[in-house]
Amino acid sequence: MTMTTTQPDPRLIPDGDLRIVGKPLPRVDAVGKLTGATAYADDIELPGTLFVKILRSPHPHARVLSIDTSSALSMTGVAAVITGSDLPTKYGIMPTTQDEQALENEKVRFVGDPVAAVAAVDEETALAACRAIRVEYQPLEAIESIEQALLMPSDEPIHDDYAGPGNIHRLAALEFGDVDEGFTKAEHIREDVFFFEGNTHLAMEQHSATATYVGDQLTLWSSTQTPHYVHRALSKVLDLPMGHIRVVAAAIGGGFGGKCDPFSHEMVVCRLAMLTGRPVKCTLTREEVFYAHRGRHPVLMWVRTGVDKDGKILAMHFRTALDGGAYGSYGPASTLYTGALQTTTYNIPAYRFEGVRVFTNKAPCGPKRGHGTPQPRFALEVHLDKIAQEIGLDPVELRRRNYVKPHTRTVNQLRITSCGIEEVTDRVVQASGFADRIRRPGHGMGFAVSSYMCGAGLPIYWNKMPHSECVLQVSRGGVTLFCGATDIGQGSDSVLATVAAEELGLWPTDIRLVTGDTGFAPVDLGSYSSRVTFMAGNAALMAARKMRGILVGVAAEQMGCSPSEVEVCDGKIGELAFEDAAVLAQERFGVLSTHGTYTPPSDLGGSFRGAGVGPSPAYSYSAAVVDLDVDPRSGEIHLNKVWLAHDIGRSINSLAVKGQVEGGVYMGLGEVMGEAQAYRGGLHKGPSMLDYRSLTFLEMPEVDTILVETLDPEGPYGAKEVGQGPLLPVIPAVASAVHDALGVWVDEVPVTPDKILRALDDLAKGRQGRFGPKSFPVVPYPTMYKVALPDAAPTKL
Amino acid sequence: MSQAQSSAIGSREVLRLSVNGQDRELLVKPYTTLMEVLREDLRLTGTKHGCEAGECGACTVLIDGVPKVSCLVLPAQAEGTTVTTIEGVANGSTLHPVQQAFMDAGAVQCGYCTPGMVLTAKALLDTNPTPSEGEIKQALAGNLCRCTGYVGIVEAVLHAAEAGRALA
């Protein structure tokens, strides 16, 4: 295990010496959130604010022939009306997906695509003015499914920015090891087809943004998980230097990936603030949020696996087809993620992945908790259950025989370091009694494992800046931590404060935080890919240790002892109160400022095209057992209990970690039980919180959270991620438990009562007892790119 | 923008109510919701909006002690009532036992559902100081949360009930 010289080594800290790291402490932002004091983006209202409503396309696919805003402009109370000609520059989250216009003036690609925007004295007036805008459309053939998107369009492709053919956005075909040989040697081969319906984040907070433009300085307050990327997109679209733009992530009422893209309404309020000179605000309605989407892709999957007589995997071929909706968004990454992390749980010696993403006339898909990996995880785990059943092996045992080992490299060249997959398996199996379960009619238990990244190893656009930076300032005895990281509810502010407080002998609430602010805090790439604890946590640790060194040095001199004799704890630096030591140091050096950075090691993955997706400085591991009852007459599932063991590396705050596990379990259960972003004729089937079936208190079962600490060699104090991983095994574990209960497979998420009943009907007719897709479409995948095995690859270690 | 200002003036009516212990008298449009009155006229932004259709519970306030989604309450229905918002729950800077229990149990993550949850839980404990877990879930079932999986919230309300019993 090589360590780069700049990374702090958590092994220097003996387990018992941590004062606050790992303790179940309250969040640093809890009081504000509990008393109503915290300002979310929609709570910000500056004097003289104009309010924006956006006119959106009623057509799933149409050419825009003309837009007449004259009546709207002449209405009393209307300050400005803009269309695509005011914001012509295209943008998108990835360098390869610059395909969105803040307001479309040539073509609309989904119901809800923005066309014009009005700023007025109030929302009511802005809405009335929107209705007065006349848009002439020429409707085009609407593409509504993966299968339809794979045919040549009868009118025209949805985009002409991509190579196609037709509505194909992205293709991938990668092979690692000799897959044909593996299948030839296999004792047993199985093929399955699965479908995972799309679903959405449904954060409680609707997106909101307010902009001001004063003296050539633009400021945007927004509900965004990625202020740095919004900053870049604004600079491009508005043609303003980065130095004249400040993006502030307000307190965020839930993200889950839904606030990771630069959004139309953010561009719109900025342009309108520049035009009117007034503060301009836009808050999306709940229906608009459903169409803003960027959620889980619907994915069709086909998997073929060959195993030897002992159940050891010899070869796997995995195909995916993603319904991307109307725009590129994170799509190229999403596509590769459906094939990247199969290998981080199982040792697959020969692996072939083919993926395709297509455009359809639906709200754009993007990253949702687990980004592109829950769908293949569902397919893979259920597929392995079926193999185990066929060869007469216990499903847990089959998996154990194939688990990856710590400090190894996968066939697709991903570096695995700490790995608690054995431990999380042992713990859930023991706690749940899975192996010795006694079943009553309709009762079932299911098991599954998963892993997830602790931050993407590469940034979204190529740059050599650190992935995260922290500045720690001590002035007049007070400590302020500046970091671009954005707390979206996951608790990243508390993580940063805990790290700084641990090192400086303080309490987390002693640390003032300036986060998610591109004007004042150094760069952090954002709250996505479960990167913040690992990356910003390491940057904070480095900055805090430097500050500790300065304060200890001054205190040692004052005390006439060596720095190693100075103890830092309980608000004291040696014999000095923290504040006295800080003032003493400031008298000598001026304001105290230290800086910490984190850049992932460069050897995390391969160098082939597509190798940028999957590498991470560490992987978390989760295992789940679900216990449920299914009524064979109604098909209704009653969830009894979920056991979830998670390899957290080390908890920075065990209370926050438990909350993330429970939330991940809940969100996974929601996806498998009924959440669906489904469409009919280009319209969302139920864009309301009543129709979109998320779980309430009444459906949510008991959760037994088990934390396994593997002390990752590079994580801050050994910590790894928890925001996304625990969702992943829950979905296949439910499908598996339904099979355990009734002997039928529902190979399609969500696993709803009607599908269970159809599978039972299938069984009654003497067939397989299955509900799911029958076949995988023919896809013009490109020629297979055969990647050299890691041994043969040039090593940078 | 004198031209602009005139458009906002439609027919208005007087709304008299008590909010967090203070009598208020406001001029409001008859179709304005109580949520808008609280957030926009009184700037009590702790009352959150998540759907404006009575589906999520984020805008819950107590009207005469009963939890109601304020996005479905019109001025005529709020006239003469006593309203408690999240800003009126703590005693100065001392958290209410329900708030304290939420903090200690880790029942707050993004915090957007929190005001509605706290108020609904407070109303439950005001009328039933010893609720069962089932009663807690029933009482809070109209409030959605996307972060916590509800587990920490149920624990918090149970703890708050215990703390209340210890005080009694």
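All values derive from a computational prediction rather than experimental measurement.

**Thoughts on the environment of Glu381(A)**
All names here are of chain A.
Okay, so step 1: Here Glu-381 is to be found in helix H10 (residues 374-391).
Okay, so step 2: The class of Glu-381 is buried, set by 26 C-beta atoms lying within 10 Å.
Okay, so step 3: The spacing of Glu-381 and Pro-395 is 14 residues in sequence and 9.5 Å in space, taken between C-alpha atoms.
Okay, so step 4: Those residues in contact with Glu-381 that sit more than four places away from it in its chain are Ala-448, Pro-729 and Pro-732.

**Thoughts on helix H2 (residues 34-41) of chain B**
Residue and element names in this part refer to chain B.
Okay, so step 1: Taking burial as the measure, the 8 residues of H2 include 6 buried ones, the bulk of the element.
Okay, so step 2: Taken together, the buried positions of H2 are Leu-34, Met-35, Glu-36, Val-37, Leu-38 and Arg-39.
Okay, so step 3: Taken from the residues just after H2, Arg-43 is the one with a positive phi, measuring 55 degrees.

**Considering the domain arrangement of chain B**
Residues and elements named next belong to chain B.
Okay, so step 1: You can read the domains of chain B as domain 1 (11-88) and domain 2 (97-167).
Okay, so step 2: Between domain 1 and domain 2, the C-alpha centre-to-centre distance is 22 Å.
Okay, so step 3: Taken residue by residue, the interface counts 16 residues in domain 1 and 12 residues in domain 2.
Okay, so step 4: Listed by contribution, the elements that provide at least two residues to the side of domain 1 that touches domain 2 are strand E3 (60-63) and strand E4 (66-69).

**A few points about the environment of Ala611(A)**
Okay, so step 1: By secondary structure assignment, the location of Ala611(A) is in the loop between strand E25 (592-598) and strand E26 (619-630).
Okay, so step 2: Each C-alpha atom, one on Ala611(A) and one on Ser530(A), is 19 Å from the other, the two residues being 81 residues apart in sequence.

**Examining the pairing of strand E13 (residues 299-307) of chain A**
All names here are of chain A.
Okay, so step 1: The element E13 is extensively covered by neighbouring structure, given that 8 of its 9 residues are classed as buried.
Okay, so step 2: Judged from the 9 bridges that link them, strand E8 (residues 188-196) and E13 form a sheet pairing that is antiparallel. Each residue of the ladder has a partner; that of Val-193, found in E13, is Trp-302.
Okay, so step 3: Pairing analysis gives 9 bridges linking E13 to strand E14 (residues 313-323), with the strands arranged antiparallel. Note on E14: the bridge partner recorded for Met-301 is Thr-320.
Okay, so step 4: Counting the residues that bridge the hairpin from E13 to E14 gives 5 residues, and of these Gly-311 lies at a positive phi of roughly 85 degrees.

**Concerning helix H17 (residues 730-742) of chain A**
Residues and elements named next belong to chain A.
Okay, so step 1: Between its first and last C-alpha, H17 extends 18 Å over 13 residues, near the 18 Å set by a 1.5 Å rise per residue.
Okay, so step 2: Taken across its 13 residues, H17 has 13 buried, putting it largely inside the fold.
Okay, so step 3: Two residues or fewer after H17 comes Gly-743, characterised by a positive phi angle close to 75 degrees.

**Some details on the interface of chain A and chain B**
Okay, so step 1: With 45 residues of chain A in contact, the opposing surface of chain B contributes 46 residues.
Okay, so step 2: Contributing elements (two or more residues each) for the side of chain A that touches chain B: helix H1 (30-35) and helix H16 (654-673) of chain A.
Okay, so step 3: In terms of residues, the side of chain A that touches chain B owes the most to one element, H16(A), which gives 8 residues.
Okay, so step 4: Classifying every residue of the side of chain A that touches chain B by side-chain character gives 21 nonpolar, 16 polar and 8 charged.

Scoring rules and cut-offs
- Residues numbered from 1 in each chain as written.
- Chains lettered and ligands numbered in written order.
- Predicted model: local features only at pLDDT ≥ 70, side-chain atom pairs only at ≥ 80, totals over all residues.
- Helix = DSSP H or I, 4+ residues; strand = E, 2+ residues; numbered from the N terminus.
- Buried ≥ 20, exposed ≤ 12 C-beta atoms within 10 Å, placed from the backbone.
- Contact = placed C-beta atoms within 7 Å.
- Domains from an automatic or database assignment.
- Pairing = 2+ DSSP bridges.
- Expected span 1.5 Å × (residues − 1).
- Nonpolar A, V, L, I, M, F, W, Y, C, P; charged D, E, K, R; others polar.

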